[in-house]
Amino acid sequence: MPTALIVLAAGKGTRMESDLPKVLHEVGQAPLYAHAVASARDLEPERIVLIVGHGADAVQASAGALGIEATFALQAEQLGTAHAVAQARASLDGFDGDAIVLYGDTPFIRPETLERMLAARAAGHAVVVLGFQPDDPARYGRLVMDGDRLARIVEFKDATEAERAIGLCNSGVVAADAQTLFNLVDAVGNDNASGEYYLTDIVQIANARGLTATVVTCDPSETMGIDTRAKLVEAEAVFQARARAEALDNGVTMLAPETVFFAQDTHVGRDVVVEQNIVFGPGVTVETGARIRAFSHLEGCHVSSGAVIGPYARLRPGAEIGNDARIGNFVEVKASEIGEGAKVNHLSYIGDATVGERSNIGAGTVTCNYDGVFKHRTTIGRGVFIGSDTMLVAPVTIGDDAMTASGSVITEDVPVGGLALGRARQVNKPGLARKLFDRLRAEKDAKKKG
Ligand code: UD1
């Protein structure tokens with residue numbers, strides 16, 4: 001049965017006190033709505049509809065940048081959750097399957113939970129609602145059960161004292177056949193305490209039509225919605241705790257997991273060792289058996305098996321580190337391929353470059369990739385030795401098995417097997433240092449006395 005996602009992302013999030021629409025605030029360096037979309041990734045949704053309103057253009061641009069293939073339905077005025085869902089109708093025209101409604105500000109629903117909801121749908125329930133039992137039911141909508149069946153959902157504002165005493169709450173996540181969902185939503189009115197079109201009303205309407213509704217429950221940690229900065233901080237901690245636990249379950253060795261910060265899309269393979277105080281930005285993959293040493297910062301990069309990164313290394317977008325390569329302390333690599341077994345061990349900047357297999361880049365080497373206007377590439381062949389403190393002024397190519405002398409400024413290509421010296425010849429003046437010292441010390445003494 002094909003699945004479609006409807007993600008409600010039109011709200012402003014007034015309590016965030018922000019110019020940024022609520023769903024663009026980030027957890028694990030990914031916007032909140034992207035977490036909601038990712039929670040349904042395993043279901044391989046045929047269509048994804050983002051209901052956008054506040055900051056619609058920004059949300060749309062963000063989804064484009066993240067490669068999320070969605071259609072966007074504008075909800076110009078936020079008249080309630082049922083009204084929001086109704087906006088998805090045109091996007092799901094001709095779609096025959098189940099729709100799942102998610103909130104863009106609720107990032108932690110587990111894929112297994114959605115699978116259980118679809119299983120309840122497959123078992124014949126027309127509407128499946130995700131419920132949970134929080135310690136404090138606060139102002140959540142309450143699920144009014146009739147045996148195993150869900151009779152209706154009552155919003156806190158509209159609930160009686162007896163209904164408010166119910167501990168089973170509505171998460172907001174709903175699954176139903178898409179066309180049935182739109183038919184039910186059509187019948188929702190706004191005669192209630194908020195004057196809003198409540199999606200929750202579809203349950204009662206379904207029952208009145210002889211359809212069945214039921215509840216699947218999940219842990220309250222999954223249903224956390226983010227509507228304040230304080231909640232965002234809490235959510236980040238929850239995300240990191242989950243990501244660390246998953247990494248450990250997947251066979252990653254971590255010396256101090258509480259000091260390692262993951263992004264939503266970080267992939268770390270089995271038997272990778274992640275030392276203390278590591279930050280993974282977006283787009284990082286670390287292959288089996290690599291080691292990320294303490295105090296390193298990685299983003300948009302790929303680290304192959306057996307490579308050792310850090311301590312104190314910075315891998316920026318486009319860094320492609322080959323098998324068994326070494327990136328050492330205070331080394332920055334950007335948009336560069338470092339070949340198998342190559343070493344860049346100390347205090348270097350390698351940007352817009354290719355470093356061939358087994359080449360050794362001496363301490364303090366800089367690829368001078370920027371002329372103030374354009375970026376240029378540096379190509380270093382295999383088995384090359386770049387002497388310490390070499391400035392490689394790009395565009396420049398160093399042939400296989402070549403060498404550069406320490407302290408060289410290399411402005412011309414170096415042929416295969418060649419040695420390039422690009423520095424002034426040394427001149428020694430015997431005895432001159434001693435003379436200079438004597439003169440300067442005499443000056444100092446004269447100043448002290450006078
Ligand atoms: C909703 C549920 C409530 C549930 C709670 C869980 C309804 C009527 N109530 O209440 O039963 O316990 O969620 O958090 O559904 N949104 C839009 N457009 C709109 C209205 C909302 O995109 O017109 C988005 C909001 O930005 C938000 C989400 O939908 O992300 C939920 O809306 P909100 O108004 O916060 O619902 P609650 O009052 O929390």
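Residues numbered from 1 in each chain as written. Predicted model: local features only at pLDDT ≥ 70, side-chain atom pairs only at ≥ 80, totals over all residues. Heavy atoms only, no water.

A.B. asks: Honestly, unusual backbone geometry in this entry has me stumped. Any pointers?
C.D. replies: Most peptide bonds are trans, and most residues other than glycine sit at a negative phi. Residue glycine 310 is joined to proline 311 through a cis peptide bond whose omega torsion reads 5°. Within the element layout of this structure, proline 311 appears in the loop between β21 (308–309) and β22 (313–315). Note the cis peptide between alanine 394 and proline 395, where omega equals 5°. Position of proline 395 among the secondary structure elements: in the loop between β34 (391–393) and β35 (396–398). Its identity is not glycine, yet alanine 138 carries a phi of approximately 40°, on the positive side. By secondary structure assignment, the location of alanine 138 is in the loop between β7 (127–132) and β8 (142–146). Non-glycine residue phenylalanine 295 carries a positive phi angle of around 60°. Secondary-structure assignment places phenylalanine 295 in the loop between β18 (291–292) and β19 (297–298). (Helix = DSSP H or I, 4+ residues; strand = E, 2+ residues; numbered from the N terminus.)

A.B. asks: Could you clarify how one ought to interpret the pairing of strand β4 (residues 47–52) in this entry?
C.D. replies: The side chains of a regular strand alternate between the sheet's two faces. Buried residues dominate β4, accounting for five of its six residues. Bridge analysis of strand β1 (residues 3–9) against β4 gives six bridges, and the strand direction is parallel. Within β4, the position partnered with leucine 5 by the bridge is isoleucine 48. Of the pairings in the sheet, the one linking β4 to strand β5 (residues 71–74) comprises four bridges and is parallel in character. Across the sheet, the residue bridging to valine 49 is threonine 71, located in β5. After leaving β4, the chain enters helix α2 (residues 56–65) and then returns to the sheet as β5, a path that is right-handed. (Buried < 20%, exposed > 50% of the residue type's maximum accessible area, 1.4 Å probe, protein only. Pairing = 2+ DSSP bridges. Right-handed = clockwise from strand over helix to strand, strands pointing away.)

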